[in-house]
Amino acid sequence: DAKTTQPTSMDCAEGRAANLPCNHSTISGNEYVYWYRQIHSQGPQYIIHGLKNNETNEMASLIITEDRKSSTLILPHATLRDTAVYYCIVGPTGTASKLTFGTGTRLQVTL
Amino acid sequence: SAVISQKPSRDICQRGTSLTIQCQVDSQVTMMFWYRQQPGQSLTLIATANQGSEATYESGFVIDKFPISRPNLTFSTLTVSNMSPEDSSIYLCSHGGGTEAFFGQGTRLTVV
């Protein structure tokens, strides 16, 4: 599986946009970019995924560079409840595909 | 989206004993996954469980230590055998794989 590199931690003021970067320079052509988050004492939660086009859903936006070597997860208006560890994962699609978690980014949203 | 429930949510066990963790999904799913999350660390995949066949274990995990059952398409168990304090972790089950995986709330295991 391709590896990802994320900053260890980030801070964001409540109400501001949180932009979480991820590098995945060895991603292969059929691998997707997935984002999950883990709020303290809970199981990981799916946020969004994409192949090469930018994606948006009710939770976030995903911006993937044209060369697909990096991506950014955007939480448009961060709230205190968005404080969590955010994991960027690359891998094939399909329900049988296992997820390989990296170290993630610990996002702290503050007042 | 299939709801996934896991139990027990936490347990404190004596070293040398075994604990079986149960994972129930409210609809039929093909593959289920078991992860370990050591204190302050990320998730590490233990094995993939497919109904009707033996689980596939990741490097560093063996069946004798972490036997897995998958008797039907809605249920799986993970046993942590002959426990030592190093096994103190959160254990999580999931289904769904790449597209949109769903996770149980986890079992927080403390071995004393």
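Computed from a predicted model, the values in this text were never measured in an experiment. (Residues numbered from 1 in each chain as written. Chains lettered and ligands numbered in written order. Predicted model: local features only at pLDDT ≥ 70, side-chain atom pairs only at ≥ 80, totals over all residues. Heavy atoms only, no water.)

## Quick notes on the interface of chain B and chain A
In step 1: Taken together, the contact between chain B and chain A spans 20 residues of the former and 21 residues of the latter.
In step 2: Approximately 1600 Å² of surface area, both sides summed, lies buried where chain B meets chain A, with 51% of it carried by carbon and sulfur atoms.
In step 3: Inspection of the region where chain B meets chain A yields one salt bridge.
In step 4: Its salt-bridge partner being A:K98, residue B:E58 comes within 2.9 Å of it at the nearest N-O pair.
In step 5: The interface formed by chain B and chain A includes five residue pairs in polar contact (both at pLDDT 80 or more).
In step 6: Of all the elements in the fold, those that place two or more residues in the side of chain B that touches chain A are β4 (31-37) and β5 (43-50) of chain B. (Contact = heavy atoms within 4.5 Å. Buried area = accessible area lost by both parts, 1.4 Å probe. Salt bridge = Lys/Arg side-chain N within 4 Å of Asp/Glu carboxyl O. Polar contact = N/O pair within 3.5 Å; in protein donor to acceptor, adjacent residues only side chain to side chain. Helix = DSSP H or I, 4+ residues; strand = E, 2+ residues; numbered from the N terminus.)

## Some points on the sheet that holds strand β7 (residues 70-75) of chain A
Residue and element names in this part refer to chain A.
In step 1: Strand order across the open sheet formed by four strands is β2-β7-β6-β5, with antiparallel pairing between neighbours. On the outer flanks of this sheet lie β2 (18-23) and β5 (55-56), each paired with one strand and no other.
In step 2: In this sheet, β7 lies alongside strand β6 (residues 61-64) in antiparallel orientation, the contact comprising four bridges. Residue I63 lies in a different strand from β7, and its bridge partner there is T72. (Pairing = 2+ DSSP bridges.)

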